[in-house]
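What follows is the residue order along each chain.
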Amino acid sequence: MKYPKVVLTADRTLMSPYRGISLASFFGCAPAIDPNRSHNTLLYKILRNQVTPRLLFDFICNPISNNNGIADYAPYGLRKVEASLVRDGYSREDVVVAHPDYVEKFIGPETEVVGTYEMDPLGMGPVTMTFTYGRKQISYDEFYTKDLHMKINRAKEKNGSKAKVIAGASGTWQYNYDPAKIEEYGLYGVVEGDLGGIGPEIDGAGAKFFDALVNNELETANPFKKNPFKVEIKEFVRDDKTHHGRFIHYWNEPTVDEIPTIINPSMHGMIEVMRGCGRGCKFCDVTLRPLRYYPVEKVVKEIEVNMKYGGLKNAWVHSDDIFVYGLNPRTTKNMQPNREALEELFSGIMSTGIEHTNPTHGTLAGAIADERLIPNVSKIIRASPDNMIGIQCGFETGSIRLIGKYADRKLSPFKPSEWHWVVKTGIKTLNENYWVPAFTLIMGLNNDETVEDSWETIELIHSLETEQPDSKFTTTPLTFVPIGLLEKSEFFDIGNTMDPSKLGVMYKTWQHNFRYGIQKFMHKVGRDNPIKNVFFAGLARTLGGVPLSAMEKYARRRGPEHERVIEKIKAKYW
């Protein structure tokens, strides 16, 4: 058997359709193992050290289909890298995107590089840090990342392969905080940044990068040789042990013409329409990258690939703020959306014949800055009670002080003092046009969140429930992670610094999701199979109260102040 030169893959949590359940791709952030659980408890006797039962997780996180071990679908970033290699002269036989369960069969003596796509390899992402109490438990993201690397190492040893294992994608910054994993996983190098879609954008470099790897040009940094790839050998001292890691940087941003078009189907029908954002939020690294927009023709080509080769009937339209598409933030007054460009974009998307589309991310301010925008786009994409449109929006905080200090341009063309009005009007506008926002909040923003800030968030969520009782939205609290312009700040340590008011934010957000999301409308958002939707809605109702009970138990352990916050929310904000 002749083995491919390049094997690309990702762990199970990134290669699952999650049975078509809306938002279930976040399930990988769930805690898998509690290494500190007492062996004397009844819970240990039933589940051992499992937190979320693996049987349940593996059922919901079902594996993608494959053709003799080659993945039928793959994360969008991997598809971009695959396309760039083929574009630059690698044959299709030389590049394999392997299913994680079958990666071992493709790694052999001829294999030069194994590239792994990693979004949250060590469980340090904001959602995961929240669910695992600051990594006191091991998430499924981390569990299956380790499982993948152990498979790769076994295959190399068994088949006599000297392939260089390179980790890439937007989660690789985490190896700076747990460098022991670099040696444990046998990583030759870590690409800091995304493999495609978020800079440094290796998909633009394509074969240049992989040829440099194969030809050993990235062994060490050479300041006397001009090289587009910067190699940094980092030394870390942790617990009296010294660890080293090779970190690779690539700072060139490809033009739209240099960004390849995918040649095989992406997970969830994902396609992107732009790179960069321009909003300038201090806690986000996307804003540090230049804006580039795909022309409609390029977007259509990628959707057609997903339809033709993957049989997909939907398109997830990726951007970091869809309402920025087509505008120049330097010359456009107050970030006013380019409605004509957005209408043209979504008209082109629907012209492919797909049945459903939704943008991945957008700002509330952008959604309401032009009163004709959401109604017009909704008509184009045929939004209706039977075709709800999901979108992730940054709620961030209810604190006017914090939003003004760290994300004032997120509100453009509005002012920080108008933030509560923007949130309420944004939800009303989106819901009236059959859009359901999934909100994310940042807990401990730059470790600058006061008790008053936390209660302002709780009160804003409650006022939405009372003033707009039929509103549809979800809220997910995330712990602050130091990236973007705040990268030199400290993590918000949820495991050790959960003061009563922040526990209150967590409790209120989940209480909202349980009462107003799971119980009232989440079953209406699914589109695939009515029987399946009813089944999973019932499962969600059964399990939905578990986090509330866990937080109440946590409050009792922490003491009277934490308990009083829970009781106050039950009495005043329920």
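Given the structure is predicted, the values throughout are model-derived calculations rather than measurements.

A few points about unusual backbone geometry
A cis geometry characterises the amide bond from serine 412 onward to proline 413, with omega recorded as 15°. Examined against the element boundaries, proline 413 turns out to sit in the loop between helix H13 (400-406) and helix H14 (419-432). The phi dihedral of histidine 268 falls on the positive side, at around 60°, and the residue is not glycine. Note that histidine 268 resides in the loop between strand S11 (241-250) and strand S12 (270-272). The class of histidine 268 is partly exposed, set by a relative accessible area of 24%.

Considering helix H8 (residues 207-214)
Within the span of H8, buried status applies to Ala207, Phe209, Phe210, Ala212 and Leu213. With its phi angle positive at about 60°, asparagine 216 sits one or two positions after the end of H8.

Some remarks on the packing of helix H9 (residues 296-310) against helix H10 (residues 339-350)
Between H9 and H10, whose axes approach to 9 Å, the crossing angle comes to 30°. With respect to each other, H9 and H10 are oriented roughly parallel. Every pair of crossing elements has a handedness; the one defined by H9 and H10 is right-handed. Note on element contacts: H10 touches H9 through Glu344, Leu345, Gly348 and Ile349, opposite Val296, Val299, Val300 and Ile303. Residue classes in the contact of H9 with H10 are distributed as six nonpolar, one polar and one charged.

Structural notes on the environment of arginine 54
With respect to the helices, strands and loops of the structure, arginine 54 is situated in helix H2 (residues 54-60). Judged by its relative accessible area of 36%, arginine 54 falls in the partly exposed class. Taking the C-alpha atoms as reference, arginine 54 lies 8.9 Å from tyrosine 140; in sequence the two are 86 residues apart. Leave out the neighbours within four places in its chain, and arginine 54 touches Tyr140, Phe143 and Tyr144.

Concerning the pairing of strand S18 (residues 435-443)
Among the nine residues that make up S18, nine are buried, leaving the element largely enclosed by the rest of the structure. Direction of pairing for strand S17 (residues 389-396) relative to S18: parallel, over a ladder of seven bridges. When the sheet's bridge partners are listed, glycine 394 is paired in S18 with threonine 440.

A word on the packing of aromatic side chains
Taken as a whole, this structure holds 18 aromatic pairs when the rule is applied. On the basis of an interplanar angle of 40° and a centroid distance of 6.3 Å, the ring pair of tyrosine 507 and tryptophan 574 is categorised as tilted. Highlighted residues: tyrosine 507 in helix H16 (residues 500-518) and tryptophan 574 in the segment after helix H20 (560-572), separated in sequence by 67 residues. An aromatic cluster is built from Phe27, Phe57, Tyr140, Phe143 and Tyr144, whose rings are joined through pairwise contacts.

A closer look at helix H12 (residues 373-380)
Of all the positions in H12, only Leu373, Ile374, Val377 and Ser378 are classed as buried. Taken down its axis, H12 places every buried residue within 120° of arc, on the same side. Elements in contact with the buried residues of H12: H10, helix H11 (364-368), H14 and S18.

Here's the deal with the side chain of histidine 149
Along the chain, the position of histidine 149 falls in helix H5 (residues 140-159). Judged by its relative accessible area of 0%, histidine 149 is buried. Dropping the residues within four chain positions of it, histidine 149 is found in contact with Thr116, Glu118, Val165, Tyr175, Tyr185 and Leu187.

Side note on the sheet that holds strand S15 (residues 314-318)
Taken in spatial order, the three strands make up an open sheet running S12-S15-S16, and their pairing is parallel. Among the strands making up the open sheet, the edge pair consists of S12 and strand S16 (356-359). Each adjacent strand pair in this sheet contributes to an overall mean axis angle of 25°, direction not counted. In this sheet, S15 lies alongside S12 in parallel orientation, the contact comprising three bridges. Considered in S15, the bridge of isoleucine 271 is made with valine 317.

A word on the pairing of S15
As paired strands, S15 and S16 are joined by four bridges and run parallel to one another. Opposite tryptophan 316, over in S16, you have asparagine 358 as the bridge partner.

Remarks on the sheet that holds strand S5 (residues 95-97)
Strand order in the open sheet made by the seven strands is S5-S1-S6-S8-S9-S11-S10, with mixed pairing throughout. Here the strands that pair on one side only, and so sit at the sheet edges, are S5 and strand S10 (229-238). Mean inter-strand twist for the sheet, computed between neighbouring axes without regard to direction, equals 25°. With two bridges joining them, strand S9 (residues 189-191) and S11 adopt parallel strand pairing. Among the inter-strand pairings, valine 191 is bridged to a residue of S11, identified as isoleucine 248. H8 contacts strand S1 (6-10), strand S6 (113-117), strand S8 (164-168), S9, S10 and S11 of the sheet and is inclined by roughly 140° relative to S8.

Let's talk about the environment of glycine 348
As for its placement among the helices and strands, glycine 348 is situated in helix H10. Under the relative-accessibility criterion, glycine 348 is labelled buried at 9%. The spatial distance from the C-alpha of glycine 348 to the C-alpha of valine 296 is 6.2 Å, given a sequence separation of 52 residues. The residues touching glycine 348, leaving out its near neighbours within four places in the chain, are Val296 and Val300.

What counts and what doesn't
- Residues numbered from 1 in each chain as written.
- Predicted model: local features only at pLDDT ≥ 70, side-chain atom pairs only at ≥ 80, totals over all residues.
- Heavy atoms only, no water.
- Helix = DSSP H or I, 4+ residues; strand = E, 2+ residues; numbered from the N terminus.
- Buried < 20%, exposed > 50% of the residue type's maximum accessible area, 1.4 Å probe, protein only.
- Axes fitted to C-alpha atoms, helices over the stretch in contact; angles between N-to-C directions.
- Parallel < 35°, antiparallel > 145°, perpendicular 65-115°, else oblique.
- Left-handed = near helix turned anticlockwise from the far one by under 90°.
- Contact = heavy atoms within 4.5 Å.
- Nonpolar A, V, L, I, M, F, W, Y, C, P; charged D, E, K, R; others polar.
- Pairing = 2+ DSSP bridges.
- Phe/Tyr/Trp six-rings, centres within 6.5 Å; stacked < 30°, edge-to-face > 60°.
- Arc of directions from axis to C-beta.

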